[in-house]
Amino acid sequence: MRRGAGAPESGEPPSTSIRSIGERAGQEVALRGWLYQSRSSGKVAFLLVRDGTGIIQCVVSKAEVAEEVFEAARQATQESSVVVTGLVRRDDRAPGGYELSVTDFRTYQTAEEYPISPKEHGVDFLMSHRHLWLRSRRPHAVLSIRSTVVQALRMFFEREGFVLVDAPIFTPSAPEGTTTLFETEYFGGKAYLTQSGQLYMEAAAMAFGKVYCFGPTFRAEKHKTRRHLNEFWMLEPEMAWAGLEDVIDLSERMVVDAIRAVLEKRRRELETLERDPARLEAVRAPFPRLSYDEAIRVLNERGCSIEWGADIGGDEETVLAEGSEQPLFVHRFPRELKAFYMAPDPEDARLALGVDLLAPEGYGEIVGGGVRAESLDYLDEQIRKHGLPPEPLEWYRDLRRYGSVPHAGFGLGLERLIAWLTGIDHVRETIPFPRTMNRIYP
RNA sequence: UCCUCGGUAGCUCAAUGGUAGAGCAACCGGCUGUUAACCGGUUGGUUGCAGGUUCGAGUCCUGCCCGGGGAGCCA
């Protein structure tokens, strides 16, 4: 730890973290943190102190400490930064199982009146104070799980032999149409914030075989729903010499592994969020698979009148997913519904080799991907049909000129995955500082 | 862009067209084991903005602003 202001004073017992405080039972330790909440009576004060790793109740008895220590503890305000010294004691009355019998207490900085009280608040108010809200239990748990999932995903792709190839944020054009991109000035010209690293990953896959990128993605659509953000994180693997089954198999194992990591490392956080781990333990590969043809039939059987060729929207997704605890693959969509780079199904020319993975419990599409068109002629035809300007895609066409191979990949929406795993009903709570149509502050 | 709901104290909300209130927070006091502690007290308001109807508008009408949820689109 850095020496200087707030650093341990000579004679002070060793510092510890609240997460691992059980290892110091019976010993005297110093905690550096913030006052989360306090209650006091005339002779005893109960302080909930958090240090970023956990929360512990600290008990200050007037009879056992100096007068000024008791006063300092009693007068410390919510979220003041504090240094607490005391004896670690097992106590079943304490939440967490341990508490600290305080021997010394000092306030490092006295916090002004803290806007977030222990009582209820509306989402908009809390989001306006997101920089402070991060300290509260719920966001702390969600973002801890996010960290674990990101870590697990990176390790998963590492184990699978994928090479991380970062895609650019500034891009020269809008491959899927110009309306949905954020435009920015770029040395007198125009640039757009990336809406997908996929095209770049296709280039990288021809260099490394199996690659992935993982970074922020931007969409300028004015959507305001629980499943959308204007800035979100997407993980996009791409594989050379691969087909639709490889995409399905890889995404399935990826999801199973992310769940394993959360169940292994973040039980406590799931409990804080009142997320029943049984919902996640129930998820087992292989996930059910449904072709678009079958999905349309099932939807009509369940009372949705939807014609072949129509897109499966949010309501339809919910109907398909209901009654199952498993994520659901839907594959082989009508070509007209999908992007220009999708490969046609060799067994049915009406279809494209695409696949979506729908999360259970109404969390919607968490993965979208498929096989990419490998023939230059077919690609050019699709570029024409979609009315796209060919010049910015010249480099992409090169990939079909120089050793084109069957290749496939997908995009994973990190926030949607986290929302499902945590049981949070809105993706804006699964990213530290959400960017939505009506919010770019703080 | 469209549909829908909403905007009253720092926060969460109440108030039949008739004196703008409660709980929490903050502050002061009390209490030796509290778990969103409890008890007593104090402070706290341009009812989103503009106009209209009315003896009288937080409440009714018109316009605007801001936000929530949803659609389209997607991860």
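Residues numbered from 1 in each chain as written. Chains lettered and ligands numbered in written order. Predicted model: local features only at pLDDT ≥ 70, side-chain atom pairs only at ≥ 80, totals over all residues. Heavy atoms only, no water.

## So, the domain arrangement of chain A
Here is the rule: Domain start and end points were adopted from an automatic or database domain assignment. Should a side-chain nitrogen of Lys or Arg be within 4 Å of a carboxyl oxygen of Asp or Glu, the pair is scored as a salt bridge. For the purposes of these results, a polar contact is taken to be a pair of N or O atoms within 3.5 Å, where, inside protein, one atom must be able to donate a hydrogen and its partner to accept one; residues adjacent in sequence count only when each atom of the pair is a side-chain atom. Each helix corresponds to a stretch of at least 4 residues labelled H or I by DSSP, and each strand to a stretch of at least 2 residues labelled E; elements are numbered beginning at the N terminus.
Under the domain assignment used here, chain A contains domain 1 (18–109) and domain 2 (130–430). The C-alpha centroid of domain 2 is placed 46 Å from the C-alpha centroid of domain 1. The interface formed by domain 1 and domain 2 holds two salt bridges in total. Glu-269 is the salt-bridge partner of Arg-19, the closest N and O atoms lying 2.9 Å from each other. Where domain 1 packs against domain 2, one counts four residue pairs in polar contact (both at pLDDT 80 or more). Counting residues per element, the ones that place at least two in the side of domain 1 that touches domain 2 are strand S1 (28–40) and strand S2 (44–50).

## Considerations on the nonpolar core
Note on soluble globular proteins: their nonpolar side chains tend to be buried together. The condition is simple: Here, nonpolar core means buried Ala, Val, Leu, Ile, Met, Phe, Trp, Tyr and Cys residues that are tied together by side-chain atoms lying within 4.5 Å of each other. Accessible area is worked out with a 1.4 Å probe on protein chains only. A residue is then buried under 20% of its type maximum, exposed over 50%, and partly exposed in between. Residues count as neighbours in contact if any of their non-hydrogen atoms are within 4.5 Å of one another.
In this structure, Val-149, Leu-153, Phe-157, Met-254, Leu-417 and Trp-420 are the most contacted members of the largest nonpolar core, which totals 54 residues. Only helix H4 (137–159), strand S10 (210–218), strand S11 (231–240), helix H6 (244–265), strand S15 (348–359), strand S16 (364–372), strand S17 (407–413) and helix H13 (414–422) provide two or more residues apiece to this core. Here the element with the most residues in this core is H6; it accounts for ten residues. Residues in contact with Trp-420, not counting those within four places in the same chain, are Val-255, Ile-259, Arg-275, Val-283, Pro-327, Ala-359, Pro-360, Glu-361, Tyr-363 and Ile-366. Counting residues in hydrophobic clusters, the runner-up holds 22 residues, among them Val-29, Leu-31, Val-65 and Ala-73.

## Observations regarding the protein's contact with RNA strand B
Test applied: Near, as used in this document, describes a residue that has one of its heavy atoms within 4 Å of the molecule or strand being considered.
Near RNA strand B lie 46 residues; those nearest to it are Gln-37, Arg-39, Arg-219, Arg-226 and Arg-416. Between a phosphate oxygen of RNA strand B and a side-chain N or O atom of Arg-39, the distance comes to 2.2 Å. The side chain of Asn-438 places a nitrogen or oxygen atom 2.8 Å from a phosphate oxygen of RNA strand B. Mapped by element, the contributors of at least two residues to the surface near RNA strand B are S1, S2, helix H2 (123–128), S11, S16 and S17. The element that contributes the greatest number of residues to the surface near RNA strand B is S16, accounting for four residues.

## Points about the packing of aromatic side chains
Stated precisely, the cut-off is as follows: We call Phe, Tyr and Trp rings a pair once their centres come within 6.5 Å, taking the six-membered ring for Trp, and we label the pair stacked below 30 degrees between planes, edge-to-face above 60, and tilted otherwise. Note on geometry: a ring has a charge over it if NZ (lysine) or CZ (arginine) is within 6 Å of the ring centre and within 35 degrees of the ring normal.
Taken as a whole, this structure holds 13 aromatic pairs when the rule is applied. Measuring from ring centre to ring centre gives 5.9 Å for Phe-287 and Phe-329, while their planes differ by 25 degrees; the resulting arrangement is stacked. Linking Phe-287 in the loop between helix H8 (277–281) and strand S12 (289–291) with Phe-329 in strand S13 (residues 328–334), this pair joins segments that are 42 residues apart in sequence. A relative accessible area of 0% means that Phe-329 is categorised as buried. When the centroid spacing of 5.3 Å and the interplanar angle of 70 degrees are considered together, the rings of Phe-340 and Tyr-341 count as edge-to-face. Arg-90 extends its terminal NZ or CZ atom over the ring of Tyr-98, reaching a point 5.1 Å from the ring centre. The ring of Tyr-396 is capped by Arg-400, whose NZ or CZ atom sits 4.3 Å from the centre of that ring.

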